[in-house]
Every structure is written in C-alpha cells, then in structure tokens.
Amino acid sequence: MQVLKFGGTSVANADNIAKVVKVVEQTLQKGPAVVVVSALGGVTDLLLGAASLAAAGDESFREKLLLVEQRHLDTVKQLMPVDRQSAQLSLVKKACNEIEDICNGIYLLRELTARSRDRIASYGEWLSSQLIAARFNSGGTPAVWKDARELIRTNSAFTAAEVDYTITNRQIREYFAAADARLTILPGFIASDAQGITTTLGRGGSDFTAAILAGALEASVLEIWTDVSGMMTADPRLASNARIIPRISYQEAMELSHFGAKVIYPPTIQPVMGKAIPVWIKNTFAPGDQGTLIESASPKDGDIVRGITSINHITLLSLEGSGMIGIPGFSKRLFEALSAEKINVILITQGSSEHSICVGIDSASALRAKAAVDQAFANEIALQKVEPLHTEADLSIVALVGENMKSHPGISGRMFSALGRNGINVRAIAQGSSEKNISAVIATRDVRKAINVLHEEFFETSYKQVNLFITGTGNVGAKLVSQLEQQLTFLQEQLHLQVNVAGISNSRKMLIQEEGINLADWKTALDGGEKADLDQFVQEIISRNLRNSIFVDVTASDRVASVYADLLQKSVHVVACNKVAAASAFSNYRRLKDLAREYNCHFLFETNVGAALPIIATLNDLVSSGDKINRMLAVLSGTLNFVFNHYDGSRPFAEVVRQAQAEGYTEPDPRLDLSGTDVMRKIMILAREAGHQMEMEDITNHSFMPSSCMQGSVEDFYAAMAKEEAHFKQLLDKAVAAGCKLKFVASFENGKASVGLQHIDPQHDLYHLYGKDNVVLFYTNRYKEQPMVVKGAGAGAEVTASGVFADIIRASRK
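Draft legend 1. Representation of the nonpolar core within the structure. Ranked by size, the top nonpolar core spans 85 residues in total, and within it Phe551, Tyr564, Phe603, Phe653 and Met721 carry the most contacts. For this core, the element with the most residues is helix 25 (residues 677–689), which contributes seven residues. Contacts of phenylalanine 603, omitting those with residues within four sequence positions, involve Tyr564, Leu568, Val574, Ala576, Ala581, Leu592, Lys593 and Ala596. Grouped together as the second largest cluster of nonpolar side chains are 51 residues, Val37, Leu47, Leu65 and Ile106 included.

In structure tokens, the structure reads:
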C-alpha cells in the first residue's frame, strides 16, 4: 500500500487538483493507494475567521461563509462535467447550510468553544475530500471516499487531540482488510473521540493523518506532496541560496520540523519511524523533481550539517539568585510553575555555577510565565535569595541540525565564529548530548543575517557573498565601480566571492538595492535615487543588517569619517580612502582601531598612504612579525613628485601644478599637497601604525610655499604662485647647481617626524623617482643597513581605486 498526502496549495483550485489526479493515476500503476487531502487552500482560515467573528457578535461572519461556499461551488463546476455536478453541488450547499447553522448558534451565544472550533474546521477537509473523490470517479478512476473520523480515535482534547493508537490501528487494519478499492480518499486533520464527537489533530494534522494510516497499514511508502520540492537546507524566504536536502534521517527531520521547518511537522515522523517506512517530500507542481527522502539512517554524503532552521517569537526567562547555589529543587519548582500554566519550554540552559537557569518559551506566554514563577518563588524573592524572574523578548532561536555533527569536532566553534564575525550576539546556547542540534538564541532582527551567514559557512562552498555600500562617486569612486564590474566574474570563479554592491551614495543622491545595483548602469540608477542623506544611508546599512557588509568611503569628507564608529559597532567593515579618520586626533584613531578589534571587523585604509602601494600592509607585517621600525624615509606625495619631476624652468611652476590637478594627482584643493599637510598626515599615519602616539602638531613642516600662496580661494592660490615664480625658479636653480633633484621628503626617526623639500643627489635611494612615484624606506632591527623598500605609482584615480579594491578583498576574507 502507498499513502499519499496532498496539502492545501496542492488542492487549492481545480487546476491544482487536476495535477493531483495526474500524480495519483501514475502512482496507481505501481499498486493500490490511500490519498489524504487537506482543505482547499485558505478555507480553514476562512472557517475559523467566520467562527471568531460570530463569537464577537460581528454579522460579517456570513460574508466569509459565502466565500467558502462560492469557492467550493466554483471548484465543482470547474472539476466535473455538467452532468456529474448536481450531486456535488447539493452536497456543498447542504454542508454550508450546516456550517451557517453552527455559526448562528455561536453568534447567539457569543461563545466559541474548542469543540465548536473543531467542528467548524472539520468541514474544510470533509468537503475537499468529497469533491476530489467525485473528480476521480467522474474521470473514470474508481475511488472510495472514507471518513477519517470512523478510523482515527482520539481523546477529547479538542484542537490538539491525542491519538489512541491501539484502537486507531485496529480500526484502520480492519477496514482496509475488508476493502478491495485500489484508491481510497480520506480527509486529513479530522478524527473523533469515544463519543463520536469530531476532534482535530492540531497543526500539520493532515500530514499526521497520512502518517497514522501509513504506520497502521505498514505502507511501502508515505509521500507528502506540497508546493516545494523537498526539505531545504534553510528557509528559502530567508536564504536565497538554500538548496534541497536529497536524503535525511527521521531524527534530523524531526529536529528541523520542531525548530520551524514548515514542510513537515514533528508528529508526522513518529508513526512511520518505528516501522522504517520511507517518507518522500515531493512537489505537486514539479513532480519530476527528486524531492527529499526521509529514512532511518543519516546519509554519509559529506554534509556535516543537514539543515539550518529558526523559531521566532521567543522570550528568555532567567531565574537568578545566590540562594540557588547548591540548593536542590529550584529547577523542579520552575518547571512545575510553567507546567501548571501549560507553558511549553522550548530551550533550557544552565550554568555550572547553579547561580541561574534560563529557559526559552513562546513570547505569547511570557506574561503568564512571569506571574506564575514570581508567585512560586515569592518567599525567596522577599528574602532576596532569588531575583524576580527576568524576561527578555524579541528573540529567536537559530539551530544547526545534523547527525554527523557528533563525529566532527569544531562545529560549534565554526558556528559561533561565523556569527561573531558578523556582529550577531548570542544570548543563550543549548546543545543536546546526542549532538544532533546546536541552538543559539539571538535577537529577532538578526535572524535573516544569521541564517545566511551559517548557510554560507556550512553549505555554500562555491562562494561567499559580500555586500558593499560605497559613498563617493568622483574620479576614484567611479573607477572603483568600473573595476568591480569588470572583475565580478573573476572574483566569483577564482576567489569564490560574490560581490554585491547594495548601496551607492554621493553628495547629491543615494541608492540602496539589497538585491544588488546593476553596475553597468549605476550612474543612471543613482540619478534616479533619493536625495542624499548620510545619516539615513548609514541607518539603512545598519537596519538592513546584511551579512558581510563593507562600507567604502571614497570621499575626503570629515562628515563621512564621523560615521565609522557607528558602523564598526555593528560589525560593518570600513574601507577608507578618506584620510580624515586615520589622521584625526590620536584618541579617535585609537578608538576606531579598538572598535574594529572589539566587534571583529576590519578598519582598513591602505590607500591613505601611497595609493595602491602595499605600504601600510608591509609595515603591519613587519610589526606583527616582531620587527621594530627605527627609521622611515619616504617620498609620499605623488603630486609633489610629479610636480618637481616636471618642473624644469621651461614653463611656470603654477602651470605644472595645474597639469597635476587636471590629471587627477592632487587633492581637490592642491594646497593640501603643496603645503606639506597631506604628507604630514601620511607620515603620522605610518608612525601610528608603527606603534607611536603622534599628533599633527608633533611633526615639523619645512614648507617651501610662500605664505602669499596659501590665502584665499584655489584660483587665488594659482594667481599667487604665478607671482612667486622667481621663488620657485630659485629653488630649482640651487638644486641643479648642486647636481641634485628636488624631492619633498618625509622622515621619521627616534619618535620624531618631519617633512620638507630636500636636495637629493644621484647616489641617494630617493633620486630615481619618476612621474608620480612614491617610495618608502623602512629601516628596522632586521633591515638595518639595507632598508626594506616599497616603491611605485603613488597617485592617480586608477591605482588608488585598485588599492581600495584590494582592501575590500582583505575585508571580505575576514
């Protein structure tokens, strides 16, 4: 015997029922079958909604009942030929009249009992199964309809009745032993007590009906037909990359279903598990898909974790107090108080100190739980031996499930490390000794992020998704987006990184698209975005709470730099081309570095010094490996190097500076470069990264710029330089006369830093610098005589963007 169950979406309308008929007819070719069906999709909610309205004295319950009647009448007309409709239309009318009579009684009494709820709800399955049986018969496939209430005996716990398996199994076996039908149709969800009064089996009751029948008949297979192609590694509404689980054990399926997986419900497994009856989860709308096979043993297919699931609406109850230590019975009294209120405990955890015990319950029961527990411990609370029960709401449970976890050490470590890297705080942890389940209580707002992070950690070996939020779309920002677009395929195929640009902002507009902005048309999309608001942009990043988020600052804005702390505290990585933060007061620089360490994220600013040159990375590697920086000698301004490499006296100094600005080598205000301020920032950042506390005022600046050039606007600056051409020519002539080149050099030694224009002779390490090159010489304990040298292009939008890109990759690998 084969047992098949079809859910509400599978029988929601005539078209769907036609698909069910096709599946069943193919099944009958292999042998006789029992088919259990749910109510037409949405009908149970309509029935119970009508009953609730009636109990509230709201006459609109009749409108809902009319919808129920019309749904079934329309289904009959679409399902069967006209000459076969009469009996079924009459059946629907008669049933709907009965439902209305019951609701009228509820309306008059203003009372809806659990027994009445069961009676009302039972009509959904009763009607659908009658119509589907008639459809088979009218289509030439003989089918017998059987009322499940005549076979399944329960107690009288209405809305969640418990099955009497002894009587139920006997009645099922006796009926089918005497029957010779190849196809039997039964309503799911409904049963009856010893008095023949209608009961229901609770949530997932139709699945349960099918499992009871399969167990009693020792069926060859139980098939649960639904609207998805099997159980999945995670809820696809939360994790877009969730995939079908091909095979799973009974125990794993029960764990997943208990912790929120909606495809199958825990009671469904119990009747078939002892008989080792295989259970298939199949898709009515894609019957060719393999589906999921639930069987006795967990497959040894290399998957350590079988699935990830979650339960929302959790409240943690914490009972704490010094009076609990070493005193037996506190846990017993806690659970007795909760049991007396019929409050189900979902999760339990207790520290070995016995100072506290923590349980998780459904949030709907939280107020009753607090009142009951505080009453139970009223004496201890009065004596201050125990604190009043502490409740914490807006929580959820996420759980890893898999039988193979018990033979693999380090799974918990990977789980909590992945959560920690993404700033997800774990409030409580529970793990059974069987190691089939590792559960963590987290804030509900973090559930989507947690599910995706864990799914990525345990299932997505193909790639890791990172979500970028870029602010600044000038020369460097635009080049960065272009480079990202060019490398998307390479990053996914070679580095297993899926880079998703989820937000872009500039000073005028901002755009956030969680699913990813089309980089081929980002400028048009941004132009159509909202008016720029930095605070709102940052709040969107925080509230969306996407996994592996990286904030990329490609501006020179003090205001943008001021939001880094807020982002780091939410475990959002910060990649800064902007020098403001790293060159701000040492206390702020230190705070940002500490926040990144505390919240397990990156604060990276490689391009603050030398554009894409690995200067800061090299310095960090030297320090991390135990070396000590004794001296640094550097040319750190690509702008000034370009200017002095091109200034030969044949054209004015101001004209060369204009060329540097036009080619994108200068800051928006070139005076920051020519005054030495930018170089001071850079040597200060290097000194700080080498472990020294330094402020801008600690650096000596031997400026070569006349004071007249540093006044007014940028255009005033150029006009003043033109007037001071003799000064610049004199500087050049002196250097040429000495056989030297002019270089603006930054130096650090013995904790002191200075910057200034120097004559560099041909034997000097800094002499052979051309164009926009930068160079840094690190003299360390290991590199005493011959320094470690980092040299290359140190300015330009293209190379700077590539340096930011490299920092993004570093942050992605955290």
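Draft legend 2. Just the sheet that holds strand 22 (residues 573–576), in detail. Pairing is mixed across the open sheet formed by seven strands, whose spatial order is 20-19-18-17-21-22-23. Both edges of this open sheet fall to strand 20 (530–531) and strand 23 (603–604), since each of them pairs with a single strand only.

Draft legend 3. Main features of the environment of aspartate 147. Assignment of secondary structure puts aspartate 147 in the loop between strand 3 (144–145) and helix 6 (165–178). You can call aspartate 147 buried: its relative accessible area is 9%. Measuring from C-alpha to C-alpha, the distance between aspartate 147 and isoleucine 190 comes to 8.8 Å, with 43 residues separating the pair along the chain. Not counting chain neighbours up to four residues away, the residues in contact with aspartate 147 comprise Trp126, Pro187 and Ile190.

Draft legend 4. Representation of the sheet that holds strand 15 (residues 428–431) in the model. Within the open sheet, the six strands sit side by side as 12-13-11-14-16-15. Their pairing is antiparallel. Unpaired on one side and paired on the other, strand 12 (345–350) and strand 15 mark the two borders of the sheet. The mean angle between the axes of side-by-side strands here comes to 30°, regardless of whether they run parallel or antiparallel. Looking at chain direction, strand 11 (residues 307–320) and strand 14 (residues 390–401) are connected through nine bridges and run antiparallel.

Draft legend 5. Inspection of helix 25 at higher detail. Compared with the 18 Å implied by 1.5 Å per residue over 13 residues, the 18 Å span of helix 25 between its first and last C-alpha is a close match. Counting buried positions over the 13 residues of helix 25 gives 11, a clear majority of the element. Listing the buried residues of helix 25 in full gives Asp678, Val679, Met680, Lys682, Ile683, Met684, Ile685, Leu686, Ala687, Arg688 and Glu689. Positive backbone phi, at 105°, marks glycine 691, one or two positions downstream of helix 25.

How each quantity is defined
Residues numbered from 1 in each chain as written. Predicted model: local features only at pLDDT ≥ 70, side-chain atom pairs only at ≥ 80, totals over all residues. Heavy atoms only, no water. Core = buried A, V, L, I, M, F, W, Y, C linked by side-chain atoms within 4.5 Å. Buried < 20%, exposed > 50% of the residue type's maximum accessible area, 1.4 Å probe, protein only. Helix = DSSP H or I, 4+ residues; strand = E, 2+ residues; numbered from the N terminus. Contact = heavy atoms within 4.5 Å. Pairing = 2+ DSSP bridges. Axes fitted to C-alpha atoms, helices over the stretch in contact; angles between N-to-C directions. Expected span 1.5 Å × (residues − 1).

Limitation: the analysis is restricted to geometry and does not speak to function.
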